[in-house]
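Summary of structural features
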Amino acid sequence: AGSTIVVDGTLNATNNASNSGTINVNAGGKLDVDGNLTNNAGGAITNNGTVEDDLSNAGTIINNLNWSGVVASNTGSLTNTGTWTGNVTSNTGTVSNSGTWTGNFNSSNGTVTNTGNWNGVLTFTGGRFVSTGATSSGALSFTNSTFDLSSNNTVGDVATVNGNLTLGSDSTLKVDVDHFGQS
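Since we're looking at a predicted model, the values are computed, not measured.

1. Quick word on the overall build of the chain
- What the chain contains, in helices and strands, is 0 helices and 25 strands.
- Within the chain, contacts between residues at least 6 apart in sequence are counted, and of these 14% link residues at least 24 apart.

As structure tokens, this is what we get:
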């Protein structure tokens, strides 16, 4: 088990940083990592302030306010309820977005749940994208993947795609259909 760090002011790491414990960025606090922040398996970061860094995550990340930085890799759990600005270059873990995410996304064999707004190109080469009541402003592309609009088993779910939707080889579009054939 690692230590607990609470950020109420500004914490600036001028090189790479690694976390195996708990980091809490409180309201008004700012964590600024000039290099890459590695959140190891078992590590947890909760942001209620501002975080600026590039991230490699194998633990748990919860962003409730403002996070800016590229997700170089995610094999853990990443939850955004606030505003995230930055691309996701590799995801084999889970990502949940109920806030606003601006950035391109690449996923292979991970699961992404979007109930918020995603502004960017989303590319899936394996894995599952769950989207209900969400807006995606950019192209969505699936190869050997599932685009799931049926996660809550309710007919009438809506997902808005403001861009091209491509279902490539071995891809599936899942929707709910009631006994009257309505979706």
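Picking up where we left off.
2. A closer look at the nonpolar core
- In this structure, L55, L78, W84, W101, F105 and F129 are the most contacted members of the largest nonpolar core, which totals 27 residues.
- Those elements that place two or more of their residues in this core are strand 4 (22–25), strand 5 (30–39), strand 7 (50–57), strand 18 (122–124) and strand 21 (140–142).
- By residue number, the principal contributor to this core is strand 5, which donates 3 residues.
- Those residues in contact with F105, other than ones at most four positions away along the chain, are V88, N91, V95, V112, W118, V121, L122, T123 and F124.

3. Brief notes about the side chain of N80
- Inspection of the secondary structure assignment puts N80 in strand 11 (residues 77–80).
- Of note is the side chain of N80, whose polar atom sits 3.4 Å from the backbone oxygen of T100.
- Contacts of N80, omitting those with residues within four sequence positions, involve N63, S96, N97, S98, G99, T100 and W101.

4. Considering the pattern of salt bridges
- Evaluation of the coordinates by the stated rule reveals 1 salt bridge.
- One salt bridge connects K30 with E52, and the closest N-O pair in it is separated by 3.6 Å. Residue K30 is found in strand 5, and its partner E52 is found in strand 7; the two are separated by 22 residues along the sequence.
- For E52, a relative accessible area of 31% translates into the label partly exposed.

5. Quick word on the packing of aromatic side chains
- According to the stated counting rule, one finds 4 aromatic pairs in the structure shown.
- Measuring from ring centre to ring centre gives 4.7 Å for W101 and W118, while their planes differ by 10°; the resulting arrangement is stacked. Pair noted here: W101 is in strand 14 (residues 100–102) and W118 is in strand 17 (residues 117–119), with a separation of 17 residues, a long-range link. In this structure, W101 and W118 share a single accessibility class: buried.
- An aromatic cluster is built from W67, W84, W101, F105 and W118, whose rings are joined through pairwise contacts.

6. Observations concerning the pairing of strand 5
- Note that strand 2 (residues 10–13) and strand 5 share 4 bridges and pair parallel. Paired with N12 across the strands is D32, a residue of strand 5.
- Both strand 3 (residues 17–19) and strand 5 contribute to a ladder of 3 bridges, which runs parallel. Counted as the bridge partner of A17 is L37 from strand 5.
- Of the strand pairs in this sheet, strand 5 and strand 7 are connected by 7 bridges, and their pairing is parallel.

7. Looking at the sheet that holds strand 24 (residues 165–167)
- The 4 strands lie next to each other as 15-18-21-24, forming an open sheet whose pairing is parallel. The sheet is open, and its two borders are formed by strand 15 (105–107) and strand 24, each paired with just one other strand. When the angles between neighbouring strand axes are averaged without regard to direction, this sheet yields 5°.
- As defined by bridge partners, strand 21 adjoins strand 24 across 3 bridges and the pair is classed as parallel. Within strand 24, the residue paired with S141 across the bridge is T166.

Basis of the calculations
- Residues numbered from 1 in each chain as written.
- Predicted model: local features only at pLDDT ≥ 70, side-chain atom pairs only at ≥ 80, totals over all residues.
- Heavy atoms only, no water.
- Helix = DSSP H or I, 4+ residues; strand = E, 2+ residues; numbered from the N terminus.
- Contact = heavy atoms within 4.5 Å.
- Core = buried A, V, L, I, M, F, W, Y, C linked by side-chain atoms within 4.5 Å.
- Buried < 20%, exposed > 50% of the residue type's maximum accessible area, 1.4 Å probe, protein only.
- Polar contact = N/O pair within 3.5 Å; in protein donor to acceptor, adjacent residues only side chain to side chain.
- Salt bridge = Lys/Arg side-chain N within 4 Å of Asp/Glu carboxyl O.
- Phe/Tyr/Trp six-rings, centres within 6.5 Å; stacked < 30°, edge-to-face > 60°.
- Pairing = 2+ DSSP bridges.
- Axes fitted to C-alpha atoms, helices over the stretch in contact; angles between N-to-C directions.

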